[in-house]
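# Examining the three-dimensional arrangement
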Amino acid sequence: MTDQAKELEKLTQIRTEALSVLADVRDEEALEAWRVANLGRSSPVMHVFSSLGQLDKELRPLMGQAANEVRTALEAALEEKQHLLKEAALRKALETEQLDVTMPGRPVERGRLHPLTQVLRRITRIFGDMGFQVYHSPEVETDDYNFTYLNMPPYHPARDMWDTFYTKDEGVLLRTHTSPGQIRVMRERAPEPIRVILPGATMRYEQLSARSEIEFAQVEVLVVGEGVTFAELKGTLEDFARRLFGEDARTRLRPSHFPFTEPSAEMDVGCFVCGGEGCAVCKETGWLEILGCGMVHPVVLEYGGYDPLVYSGFAAGMGIDRSTLMRYRIDDIRHFRNNDIRFLRQF
Ligand code: DAH
C-alpha cells in the first residue's frame, strides 16, 4: 500500500468508527462525550490535521481535503443526532407526563347577587329614576317609632296586626315594618319636602312555614310636601308597577285600613304567573297584592314635625320576599336565608 493509500484508509477508519459509536449514543451526556472524543482538540481527525506537516508536500492538500470531509461529515452527524435526541425527549415527556394542552382550564367561580338583593336593586333604581332618595333607618327600634308615632298608642288593638320581637330593654324592639323610618326622615327634614324610599330588613314573631319567615325585606315609600294628593299616590305607584312588572301590567287599588294612613288602600297587580286567568299562586283571583299605601295620617305628620294643615303626603310599604317568591315560583320562603348554594346559584 502506498503512503497515500494508508493515510486515506486511516481517515475512513476514523470516520466509520466514530459513526458506529454515535449510533449507540442515547442521551445528551453521551453525545457530549462523543463530541469531545471525535471532534475535540485531541480527537483522531484533529490529530490528522496537526500532523499534516509531517507528510510529503504532494500528499498534504489531498489529505487535508480528505480530513476536512471527515470532519464535516462528523459535524453533520452530530447535529442530526442532537435533533433526534431532542425529539425523543419531547415524545417521552408527552407520553409519561400526560400534559394535554388542549384541555379546558379550571373555571373561575363567579359570585352573584342574592335574588332578594337583585329585586331590591331593581326597585331602588326605578324609584331613583323617579327622583327618590334612599334613606336607611335602624332595624332595632323603639316602641314609640314602631307604633306610637304611627298612630298606634300603647294598648291600641291595632298593634295586634304586628307580631313583635321585644328586647329585654323596656320599649326596645325589632322593627316589624319599615314605616318607623317615615318618622325619622320627617324629623330630620321638616319642613323640607320629602321624596324617599326606605329599604331594609324587618322582623316578626312568626310561626315558621313555607310562607312565613321571622325576617323579611320591605321597601317603604314616603312623599311629603305642600298639596300632595291621592292622584299623585296613584300615578306614582302605577308607574312604578309598570316599570317593575312590564308596560302592560294591570293594577288596581282596593280600599283598606292602616292606622298610619287615611284613606288607605292596597295595590294589586294582575297575576304574573297566569296573566290573570286564575291559578294556585293568585288563589284563582287573577290578582296579587303587592303593597299597602295611603295618605299619611295627620297624627303621623304631626309626630314627624309637619303641620297637617299645611302639608300632606302619601306613603306605601311593600314586602319583597313574597313577590320574589311568586315571581320565581319558589316553593318555600325559607330558602332565601338558608344560604344553600344550590338554591342561590339558580339566580
Ligand atoms: N307597614 C305596613 C306593613 O308592614 C305596610 C304599609 C301599608 C306601609 C301602608 C305604608 C302604608 O307606608 O301606607 O304591613
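Structural data are supplied above this passage.
Notes on the structure follow. The model shown is predicted, which means the values in this text are computed figures rather than measured ones.

Moving on, we get to the sheet that holds strand β8 (residues 287-296). Sheets are built from strands paired through backbone hydrogen bonds, the pairs being either parallel or antiparallel. Across the sheet, 7 strands lie side by side as β1-β4-β5-β9-β8-β7-β6; this open sheet has mixed pairing. The open sheet terminates on both sides in strands that have one partner only, identified here as β1 (133-134) and β6 (251-258). Against the sheet, helix α7 (residues 180-189) touches β1, β4 (194-203), β5 (215-225), β8 and β9 (312-319), its axis set at about 145° to β4.

So, about the site of the ligand. Taken together, the neighbourhood of the ligand is formed by 16 residues, with H177, S179, R204, Q218 and E220 sitting nearest. At 3.0 Å, a side-chain N or O of Q218 approaches an oxygen atom of the ligand. Taking A315, its main chain carries an N or O atom lying 3.2 Å from an oxygen atom of the ligand. Elements with a minimum of two residues in the shell around the ligand: β5, β8 and β9. Here the residues of the shell around the ligand are counted per class, giving 6 nonpolar, 8 polar and 2 charged.

Tracing the backbone shows T202 in strand β4. Excluding residues that lie within four positions of it along the chain, T202 makes contacts with R175, T176, H177, T178, I214, E215, F216, A217 and Q218.

Note the cis peptide between A190 and P191, where omega equals 5°. Locating P191 in the fold gives a position in the loop between α7 and β4. The peptide bond linking E262 to P263 adopts the cis configuration, its omega dihedral lying at -5°. A positive phi angle, close to 70°, is found at N151, a residue other than glycine. With respect to the secondary-structure elements, N151 resides in the loop between α6 (143-146) and β3 (172-174). With phi around 55°, R329 is a residue other than glycine that occupies positive phi space.

Cut-offs used in this document
Residues numbered from 1 in each chain as written. Predicted model: local features only at pLDDT ≥ 70, side-chain atom pairs only at ≥ 80, totals over all residues. Heavy atoms only, no water. Pairing = 2+ DSSP bridges. Helix = DSSP H or I, 4+ residues; strand = E, 2+ residues; numbered from the N terminus. Contact = heavy atoms within 4.5 Å. Axes fitted to C-alpha atoms, helices over the stretch in contact; angles between N-to-C directions. Near = heavy atom within 4 Å. Polar contact = N/O pair within 3.5 Å; in protein donor to acceptor, adjacent residues only side chain to side chain. Nonpolar A, V, L, I, M, F, W, Y, C, P; charged D, E, K, R; others polar.

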